[in-house]
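What the coordinates show
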Amino acid sequence: MSQEPTTFWQHLDVMRGGLIRSAIVVLAMAVGVFLLREPLFRFILWPLQADFPTWLLLTRLGLMQTLPEAQLINTELARQFIVHMQAALWVALVIALPYLGFEVVRFVRPALYANERRRLMPVVIAAYLLFMAGIALAYWVLFPFTFLFLADYQVAHSVTNWISLSSYASTLGLMCLMMGLMAEMPIVCRLLWRMGLVSRQGLYRFRRHAIVAIFILAAVITPTGDAFTLCLVALPIWLLYELSARVIR
């Protein structure tokens, strides 16, 4: 007997079940991360410490003499608790990404052909690894230099920087998210190529325009104003653009 086609409402039920399971997993992990307050914020606040690997490496290379010193403050009664919950949720989402990818694969797999099913899992794994690589780059390299510049920047000597915890956490989270999404550029370009919307020749032809757009995007991601940090952010994005052209065959 031939299998009856799945109706729209059956697809909706399957998607709802996946969303419910994903929400339960994320919330459970968020509660677990929330309970690990000290390890969580030790990692989040690590770029402020002298033993942060980036600062130690620069000191050993002779590129930095004095380590950055900054004291975070809190000016709102419930802000520390709110930042704690937000940080736990974001970290739980990152930890749960493999399971979320599994739910996506399970939902779309029945609608694919056999050759597309074989390619789906490698694409999901590559997307996850690229996203984590973007987060790692932002945490270990981009954010420390951004913080180093902004923490010491003064428009006048009479203006003192008092950095709030919420500002620090939101800047770190936003930069990690933006770089994680930017790291998905090769996957996105590959999908657009499969749909006939982009080509390798087109990417090479508009390379000059892309470089200008990359520097504008880097200025938005890291609004520090110094050329060093701007190039530090723009360089990996440009390399991702070149990699995107390479994966289109």
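Before going into details, it helps to say that this report is about the structure given with it.

Cut-offs and rules
- Residues numbered from 1 in each chain as written.
- Predicted model: local features only at pLDDT ≥ 70, side-chain atom pairs only at ≥ 80, totals over all residues.
- Heavy atoms only, no water.
- Helix = DSSP H or I, 4+ residues; strand = E, 2+ residues; numbered from the N terminus.
- Buried < 20%, exposed > 50% of the residue type's maximum accessible area, 1.4 Å probe, protein only.
- Contact = heavy atoms within 4.5 Å.
- Axes fitted to C-alpha atoms, helices over the stretch in contact; angles between N-to-C directions.
- Nonpolar A, V, L, I, M, F, W, Y, C, P; charged D, E, K, R; others polar.
- Core = buried A, V, L, I, M, F, W, Y, C linked by side-chain atoms within 4.5 Å.
- Salt bridge = Lys/Arg side-chain N within 4 Å of Asp/Glu carboxyl O.
- Phe/Tyr/Trp six-rings, centres within 6.5 Å; stacked < 30°, edge-to-face > 60°.
- Expected span 1.5 Å × (residues − 1).
- Arc of directions from axis to C-beta.
- Polar contact = N/O pair within 3.5 Å; in protein donor to acceptor, adjacent residues only side chain to side chain.
- Patch = residues over 30% accessible without salt bridge, like charges linked within 9 Å, V, L, I, M, F, W, Y side chains within 5 Å.
- Areas by Shrake-Rupley, 256 points an atom, 1.4 Å probe, with all protein chains shown as cover.

Turning our attention to the overall build of the chain. Each helix and strand in the chain was counted, giving 11 helices and two strands. Put simply, the chain runs from its N terminus to its C terminus through helices and strands in the order α-α-α-β-α-α-α-β-α-α-α-α-α. Taking the principal axes of its C-alpha atoms as reference, the chain extends roughly 80 × 50 × 30 Å. Taken over 249 residues, the chain has a buried fraction of 31%. Considering only contacts within the chain whose residues lie at least 6 apart along the sequence, 78% involve residues at least 24 apart.

Note on placement: Ala 213 falls in helix α10 (residues 207-221). Classification of Ala 213 as partly exposed rests on a relative accessible area of 43%. Along the chain, Ala 213 and Ala 234 lie 21 residues apart, while their C-alpha atoms are 9.7 Å from each other.

Here we take up the side chain of Glu 242. Note that Glu 242 resides in helix α11 (residues 227-247). Setting aside anything within four residues of it in sequence, one finds Glu 242 in contact with Tyr 204 and Arg 207.

Turning to the packing of helix α6 (residues 114-152) against helix α8 (residues 185-194), a few remarks are in order. For any two helices packed against each other, the geometry comes down to the angle between their axes and how far apart the axes lie. Orientation of α6 relative to α8, taken along the N-to-C sense of each, is 145°, at an axis distance of 10 Å. Taking contact as the criterion, the partners of Arg 119, Val 123, Ala 126, Ala 127 and Leu 130 in α6 are, on α8, Pro 186, Ile 187 and Arg 194. The residue inventory of the contact of α6 with α8, partitioned by class, reads six nonpolar, no polar and two charged.

If you look at the biggest cluster of nonpolar residues, it comprises 45 residues, and the most contacted ones within it are Tyr 168 and Ile 237. Looking at this core, the elements with two or more residues in it are α2 (37-44), α3 (53-60), α4 (79-95), α6, α7 (165-182), α8, α10 and α11. When residues of this core are assigned to their parent elements, the largest contribution, nine residues, is made by α6.

Applying the stated criterion to the full structure yields five salt bridges. Asp 13 is the salt-bridge partner of Arg 16, the closest N and O atoms lying 3.2 Å from each other. With Arg 16 and Asp 13 both in helix α1 (residues 8-35), this residue pair falls three residues apart, about one helical turn. For Arg 16, a relative accessible area of 52% puts it in the exposed group. We classify Asp 13 as partly exposed; its relative accessible area is 42%. Arg 21 is the salt-bridge partner of Glu 103, the closest N and O atoms lying 3.0 Å from each other. Of the two residues, Glu 103 sits in helix α5 (residues 97-108) while Arg 21 sits in helix α1, which places them 82 residues apart along the sequence. A single salt-bridge network, built from bridges that share partners, covers Arg 21, Glu 103 and Arg 106.

All chains considered together, the criterion is met by 14 aromatic pairs. Centroid distance Phe 34 to Phe 81: 5.9 Å. Interplanar angle 85°. Geometry classified as edge-to-face. Of this pair, Phe 34 sits in helix α1 while Phe 81 sits in helix α4, placing them 47 residues apart in sequence.

Look at α5: 17 Å from first C-alpha to last across 12 residues, which is about the 16 Å you get at 1.5 Å a residue. Among the residues making up α5, those that are buried are Gly 101, Glu 103 and Val 105.

Counted at 1.5 Å a residue, the expected span for α7 with its 18 residues is 26 Å, and the 26 Å between its end C-alpha atoms agrees. Every buried residue of α7 is listed here: Leu 165, Tyr 168, Leu 172, Met 175, Cys 176, Met 179, Gly 180 and Met 182. Take α7 and look down its axis: the buried residues cluster within an arc of 165°, on one side only.

Of note, Ser 22 is situated in helix α1. Judged by relative accessible area, which is 12%, Ser 22 ranks as buried. Looking at Ser 22, its side chain comes within polar contact range of the main-chain oxygen of Gly 18, at 2.8 Å. Dropping the residues within four chain positions of it, Ser 22 is found in contact with Tyr 99, Leu 100 and Glu 103.

Let us look at a nonpolar patch on the surface. A surface patch of nonpolar side chains, about 410 Å² in accessible area, is lined by Leu 12, Val 14, Met 15, Leu 19 and Phe 107. Under the relative-accessibility criterion, Leu 12 is labelled partly exposed at 32%.

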